[in-house]
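Commentary on secondary and tertiary structure
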Amino acid sequence: MEERYNPQAIEPKWQQQWQATGADKTPEHGERPKFYALSMFPYPSGNLHMGHVRNYSITDAIARFKRMQGFRVLHPMGWDAFGLPAENAAIDRGISPAVWTQQNIAQMRSQLQRLGLSYDWEREVSTCGPDYYRWTQWLFLQFFKADLAYQKESAVNWDPIDQTVLANEQVDAEGKSWRSGAVVQKRMLRQWFLKITDYAEQLLQDLEKLSGWPDKVRAMQANWIGKSTGARVEFKAATGQSIPVFTTRPDTLWGATFMVLSPEHPLVAELTTPAQKAAVEAYRETAAAKSEIDRTAEDREKTGVFTGSYAVNPVNNHKIPIWIADYVLMGYGTGAIMAVPAHDSRDFEFAKTFGLDIIPVVFPPEADPATAAELTEAYSDNAAGVLHNSGPLDGLTVSDAKVAVVEYLEDKGIGTAQVNYRLRDWLISRQRYWGCPIPVIHCPDCGIVPVPDEQLPVELPTDVALSGRGGSPLATLESWVRVDCPTCGAAARRETDTMDTFIDSSWYFLRYADATNGEKVFDAAKANNWLPVDQYVGGIEHAILHLLYSRFFTKVLRDRDLLHFDEPFERLLTQGMVQALTYKDPQTNEYVAAADIENLDRPVSPTTGNPLEVFYEKMSKSKYNGVDPLGVLQNYGADTARMFILFKAPPEKDLEWGDTDVEGQFRFLNRVWRLVHAFVSQDSRPQVYCSGQLSKAEKDLRRAIHIAIRETTEDMEGGYQFNTAIAELMKLSNALNEAKLLASPVYAEGLQTLVQLLAPFAPHIAEELWSALACEGSVHASTWPIADPNALVADSVTIVVQVNGKRRGEFEAPADVTKAQQEELAKATEAAQRYLAEGTLRKAIVVPKKLVNFVVT
Ligand code: ANZ
Ligand code: ZN
């Protein structure tokens, strides 16, 4: 064994060895239980960043731990390889997206391999490969045939920078594109959708099954699905048109004093009177230019225009004015509302602004409506309130009234109970090239015809001119577009849009179960064997998009009898971000790289001379605060990088990069190395302890060893708290170092255990030390140690019981007994009980671990 720890020598050596022996291959069959450990697969940008390293180190530690615990582990890796950057690179640099992507994949694969991640590379998938997207297309057609994929003209989100449409999920809370950051516009376009709304209720209900997911993610999904329970009520315009509304407060119907239609509502033109026409049209134009977020912001000044028409409130026949206002959205409910200004704050603001009637119908329980003061804000207590001025609902509480009113409405034929979801169908067509072609053909006679299965995949042509100037690039290639209709043979045209890349990633975890199948999307038995994923690890940024879509796909495939489970991911770990010190000029808002700063203790901008603000922020190129993983691998090796990342913070928390902490992990691994080196350099080394008499020092050391086993196991099983697990390893290494029992079999046991416990985190050094200790096989194939309960018991101490200074008895207590426990135990002894029963206890004098003297009078 080398005297010095040299990661650059041992890491490549073991990586080759593992590859040669197939150490990370998936055991497809066997008696042992399965465990599917999965990291979210990366987009192959070409460069590994720290976020990747963190994600994959976490999953790899889990996979290795589970293997040692005896599971058959599936731990695959692949590439989310379609997407805009490849296309943009093609436009900027004239390199083909396919070639660019392949180069990036090759580069990232080799970077990943340097980390020593235990992937089964035989199951690698790449979503841009025809052998993969053939099945993406096949799946699309399953949706199509099940009436879950359809084309529709609608107002969609248009990203003016990327020149493509976006799904609602891809527009952030400020109305900007998730990718380009551009403010998204609305456009009317014919697009493809998947009917995720058919699954809204299941997607919501089944969140309850996901107890292994962070509550926060479940809440975000529930919010996104946005279920509202209420009623649909038929209002009628005085001119006869029916104007249904959706309301969550049908109990307040008697307080509806006006109606508001969305400016885009189809009845607006018809209902607008000639006198109001100009004002209404002007208003519609300004509304169209605003984002949804702007339109619905709570604190906004309310704007709107009267149409000149009236409607009739169906429960009391009051004539109420019909307005249009931008806070009512066409995409939700029916695009029209009954306004109840007394009980809805937006309607209240609106009524105040335009001098409309406000009629309260719900009052606090004790209030007298006759003498109630005028409202200064909407009263929206929907639990305790009581109904008045509401015909049959008078005297009911809000919750009772909500039930009663629905019966009343149904009875009269003017409304029904209704559930509404905020979730919209998933818009999946993109006007870009580098994606999976939508496998349908438009025939003038037959309409939309699916490409027959045996003609899949519809391959992406390679000779397409990419300009990035909008419109589907595939549409420019006439030779590709023109095709005979598979049904009638007439001249027809291929669909030229490609699919949202989130479709590719909505099923990749299924393909890993049977990654090379050329006949089927996957063998159902294999998918049902390996799935659900037992532990999924990835970034919180996918809390809605990818995770919701994958859940949707799983349910659809289950209903198509391809899968026998409801949820794809049993447990989810969302790892925190990797942050680094960031330097910013507060005056110019410019970021400065640490390397450009002269004195880091008092940092000033090299260009402006302004003092810089210093703070931690997520690593990113634009902030010049990134730490290149390759540099760390070069200097310290993969094991140190992994140890640092796992040790610095619990996996779900943000992690602050710190060079001195990296250094600290490197020193720790060096210490472990030296412990083993000193041990194996002895002339004769002891066997590993298995039974026999032990000295006090040996017993203490053995206890430390087995505490380390118990604690690390608990840390891993109770939520992968790697940081505390590694802290236990440090304690064990200190205990070994201090014990100086190199000739003892217990010491041999301790080193061997330490190396095993280290294996999931620092796989290379563990393997090297395992072989230096002359242990059999690979440490990663060894069995995770189990704490010996006998070793855990602390030695006992004998404690003397005195009464008034005279010895009356003794008892055995655990060596780690506390003062309070010692007094309690002493009091419970027979000797003490006898004297205490006869007199009054004045005080107890406790000498820790020796004696308790009771003063009794
Ligand atoms: C009358 C009413 C009275 C309402 C009251 C609320 C309180 P959620 O919970 O989000 O589903 N609404 C309905 N459609 C709308 C649209 N297209 N644009 C804007 N607002 C719309 O909210 C449902 C409530 O939001 C509905 O119930 C309706 O106002 C409004 F005291 O009807 B409510
Ligand atoms: Zn046809």
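The sections below set out a description of the structure shown in this document.

About the thresholds
- Residues numbered from 1 in each chain as written.
- Chains lettered and ligands numbered in written order.
- Predicted model: local features only at pLDDT ≥ 70, side-chain atom pairs only at ≥ 80, totals over all residues.
- Heavy atoms only, no water.
- Pairing = 2+ DSSP bridges.
- Helix = DSSP H or I, 4+ residues; strand = E, 2+ residues; numbered from the N terminus.
- Donors = N, O, S within 2.8 Å, 3.2 Å for Na, K, Ca; no water.
- Tetrahedral: all angles 85-135°; square planar, octahedral: opposite > 155°, others 65-115°.
- Buried < 20%, exposed > 50% of the residue type's maximum accessible area, 1.4 Å probe, protein only.
- Lys, Arg positive; Asp, Glu negative; His and termini not counted.
- Salt bridge = Lys/Arg side-chain N within 4 Å of Asp/Glu carboxyl O.
- Axes fitted to C-alpha atoms, helices over the stretch in contact; angles between N-to-C directions.
- Contact = heavy atoms within 4.5 Å.
- Near = heavy atom within 4 Å.
- Polar contact = N/O pair within 3.5 Å; in protein donor to acceptor, adjacent residues only side chain to side chain.
- Areas by Shrake-Rupley, 256 points an atom, 1.4 Å probe, with all protein chains shown as cover.
- Nonpolar A, V, L, I, M, F, W, Y, C, P; charged D, E, K, R; others polar.

1. A short note on the sheet that holds strand β5 (residues 149–159)
- Taken in spatial order, the 4 strands of this open sheet run β6-β5-β7-β17, and their pairing is antiparallel. On the outer flanks of this sheet lie β6 (164–166) and β17 (426–427), each paired with one strand and no other.

2. Some points on the coordination of the zinc ion (ligand 2)
- In the first shell of the zinc ion (ligand 2), the protein supplies Cys 443 (SG), Cys 446 (SG), Cys 485 (SG) and Cys 488 (SG), at 2.1 to 2.3 Å from the metal.
- Here the zinc ion (ligand 2) binds 4 donor atoms, and the angle range of 105 to 115° at the metal identifies the geometry as tetrahedral.
- We note that the donor set of the zinc ion (ligand 2) lies within a single chain, spaced as C-x2-C-x38-C-x2-C. Placement of Cys 446 in the loop between β19 (440–443) and β20 (447–450) and of Cys 485 in the loop between β21 (482–484) and β22 (491–494) is noted, with a sequence separation of 39 residues between them.
- Classification of Cys 446 as partly exposed rests on a relative accessible area of 34%.

3. Observations regarding the side chain of Asp 80
- Looking at the secondary structure, you find Asp 80 in the loop between β3 (78–79) and α3 (84–93).
- Arg 179 provides the closest opposite charge to the buried, salt-bridge-free Asp 80, at an N-O distance of 11 Å.

4. Overview of the sheet that holds β20
- Within the open sheet, the 4 strands sit side by side as β20-β19-β22-β21. Their pairing is antiparallel. Edge positions in the sheet fall to β20 and β21, since each of these pairs with one other strand and no more. The sheet shows a mean angle of 40° between the axes of neighbouring strands, direction not considered.
- With 2 bridges connecting them, β19 and β22 associate as antiparallel partners. Its bridge partner lying in β22, His 442 is registered against Arg 493.
- Helix α5 (residues 130–145) contacts β19 and β20 of the sheet and is inclined by roughly 130° relative to β20.

5. What to know about the site of ligand 1
- Residues in close proximity to ligand 1 total 17 residues, the closest being Ser 228, Thr 247, Leu 329, Tyr 332 and Arg 422.
- Contacts to ligand 1 include Arg 346, whose side-chain N or O atom sits 3.3 Å from a nitrogen atom.
- A distance of 2.5 Å separates an oxygen atom of ligand 1 from a polar atom in the side chain of Arg 422.
- About the coverage of ligand 1: the protein hides 86% of its 640 Å² of free accessible area.
- If you list the elements that add at least two residues to the shell around ligand 1, you get β9 (242–247) and β13 (336–339).
- For the shell around ligand 1, the per-class residue count stands at 8 nonpolar, 5 polar and 4 charged.

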